[in-house]
Amino acid sequence: MSDVLRRLSVLDRIRFGLLGLGLLFVATGLLPAREAWSEMERIGPILLFLGAVIILADLVKEAQLFDVIAIRLAAVGRGNHVVLFLLCTVFASVVTIFLNLDTTVVLLTPVMLALAARTGIAALPLAMTTLWLANTAALLLPVSNLTNLLAMERLGMSAREFAGRLWFPQLVSIAVTMVFLWVFFWRRGRRGAVRYEPPTPGPVADPVLFRIAASACVLFVAAILLELPIQFAALAGAALMIAAFAWRDRSKLILALFPWQLLVFVVGLFLVVPTLSRYGLASVMSSLVGTSGGPGGDGAYRVAAVGAVLSNLINNLPAYTVVEQAIPPGDRDLLLALLVGTNAGSVITPWASLATLLWFEWCRRRGVRVPMVTFVLAGAVLVVVGVTATVTALLVTA
């Protein structure tokens, strides 16, 4: 047992600690078993989706689909950083919107860092592009972010209605992010060489797996657009990719594909936060949020600010779940403003979102130095301007 504990990372110990604390709350009656079961019923479909979509995305990466797209983008850029910047922001945004922000960080970050090594492009601009857009481009669809999935039950909106309400705020959020990405990381003097060496696209290792992966992604996106149950769409895509690799390359079908760390964290979170809310946390949040939107939408800005600040203090998932309970039922604008704050606002501290924690781990593994002063200050500026602009876009289109 001691050997097993030593092999666990700090993050893994935090995850198991959170789960253990939640189970202790249930065992001691601090969280009634009926309420705990209700929370598990609520997140059951979400856990199924998260597990399936991460397996799907991981096997798609193993089929080299992301690598090919990244290399082709760099080749299309022809050594021009401005063109490459635009292409990379579109790529990262699309992956975040349709395949979840954790996919962008876990799978796209190593692809971008490998691309930097091949082309001589500075690694930090590419890495920051994936991180910031993983958070700020995660507003458009329910599948983009776990917080969106959690909000769908309260909102009572279909995926199409959700996207119809948030398409303009999402564009504003991405546009502001692009401006600050360029200013802080991509402009001349920050990105390294004046031009980069375009890579030469090469053949994929297995064309059959590549085509199946591309088809699985197209079918998954089509299922989202057709508003099919997203957990079953993700499960079907994951099953297709598992079958394909069982046929072509079984060595990639390993237990590490299953994202148990994320599932342990989410289950623990949804046992601990309701317990804390029962014993005073909900009252504190209610006093901070207020009880109405307020004149001129002041309440929406306040809710977004509380969500953003709390996300950077304790992580955006507990921040969302705590503040959500303080929002009056049926107030869609306040709930959507909270999503803006917890999604687009979680870029200041390394623990602000699970995606950010995973991103730092990838940068550490690849030896990418992240200057913390720049990271925090640039993130703070982005949050102040980006969250404010996005909430404004949300209100003007209400």
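Residues numbered from 1 in each chain as written. Predicted model: local features only at pLDDT ≥ 70, side-chain atom pairs only at ≥ 80, totals over all residues. Heavy atoms only, no water.

The name an unreviewed UniProt entry assigns to the protein chain is ArsB/NhaD family transporter, from the organism Streptosporangium oxazolinicum. UniProt's Subcellular location (unreviewed entry) comment on the protein chain is quoted here verbatim: "Cell membrane". (UniProt positions renumbered as here; feature names shortened; annotations may be inferred.)

### A few points about the overall build of the protein chain
When its secondary structure is counted, the protein chain shows 17 helices and 0 strands. Over its C-alpha atoms the protein chain spans a radius of gyration of 21 Å, differing by no more than 12% from the 21 Å that the globule rule assigns to 398 residues. Along the three orthogonal principal directions, the C-alpha set of the protein chain runs to about 60 × 50 × 45 Å. Across the 398 residues that make up the protein chain, the buried fraction comes to 54%. The long-range fraction of contacts in the protein chain, counting pairs at least 24 apart against all pairs at least 6 apart in sequence, stands at 81%. When the accessible surface of the protein chain is split by element, carbon and sulfur atoms take 68% of a total near 16900 Å². In the protein chain, the 29 positive side-chain charges and the 20 negative ones have mean positions that sit 10 Å from each other. (Helix = DSSP H or I, 4+ residues; strand = E, 2+ residues; numbered from the N terminus. Rg over C-alpha atoms; globule rule 2.2 N^0.38 Å. Buried < 20%, exposed > 50% of the residue type's maximum accessible area, 1.4 Å probe, protein only. Contact = heavy atoms within 4.5 Å. Areas by Shrake-Rupley, 256 points an atom, 1.4 Å probe, with all protein chains shown as cover. Lys, Arg positive; Asp, Glu negative; His and termini not counted. Charge placed at Lys NZ, Arg CZ, Asp CG, Glu CD.)

### Thoughts on the packing of helix H8 (residues 146–155) against helix H15 (residues 332–344)
Two elements in contact, H8 and H15, have axes separated by 11 Å at closest approach and are oriented at 175 degrees. By the angle between their directions, the pair H8 and H15 is classed as roughly antiparallel. In contact with Thr 147, Asn 148, Ala 151, Arg 154 and Leu 155 of H8, H15 contributes Arg 332, Leu 335, Leu 336, Leu 339, Thr 342 and Asn 343. (Axes fitted to C-alpha atoms, helices over the stretch in contact; angles between N-to-C directions. Parallel < 35°, antiparallel > 145°, perpendicular 65-115°, else oblique.)

### Quick word on unusual backbone geometry
The backbone of Gln 64 shows a phi angle near 75 degrees, a positive value even though the residue is not glycine. Its place among the elements puts Gln 64 in the loop between helix H3 (33–62) and helix H4 (65–77). Looking at Gln 64, the relative accessible area reads 25%, which means it is partly exposed. Even without being glycine, Arg 78 reaches a positive phi, approximately 55 degrees. With respect to the helices, strands and loops of the structure, Arg 78 is situated in the loop between H4 and helix H5 (81–99).

### Some details on the environment of Asp 298
Relative to the elements of secondary structure, Asp 298 occurs in helix H13 (residues 298–314). Assessed through its relative accessible area of 42%, Asp 298 is described here as partly exposed. Between the C-alpha atom of Asp 298 and that of Val 76, which follows or precedes it by 222 residues, the distance is 45 Å.

### Observations concerning H5
Look at H5: 26 Å from first C-alpha to last across 19 residues, which is about the 27 Å you get at 1.5 Å a residue. Buried within H5 are the following residues: His 81, Leu 84, Phe 85, Cys 88, Thr 89, Phe 91, Ala 92, Ser 93, Val 95, Thr 96, Ile 97 and Leu 99. Among the structural elements, H3, H4, helix H6 (101–119), helix H7 (123–136), helix H9 (159–186) and helix H10 (207–225) are those in contact with the buried residues of H5. Its side-chain oxygen at 2.8 Å from the backbone nitrogen of Val 82, Asn 80 defines the N-terminal cap of H5. Positive backbone phi, approximately 85 degrees, marks Asn 100, located one or two places after H5. (Expected span 1.5 Å × (residues − 1). Polar contact = N/O pair within 3.5 Å; in protein donor to acceptor, adjacent residues only side chain to side chain.)

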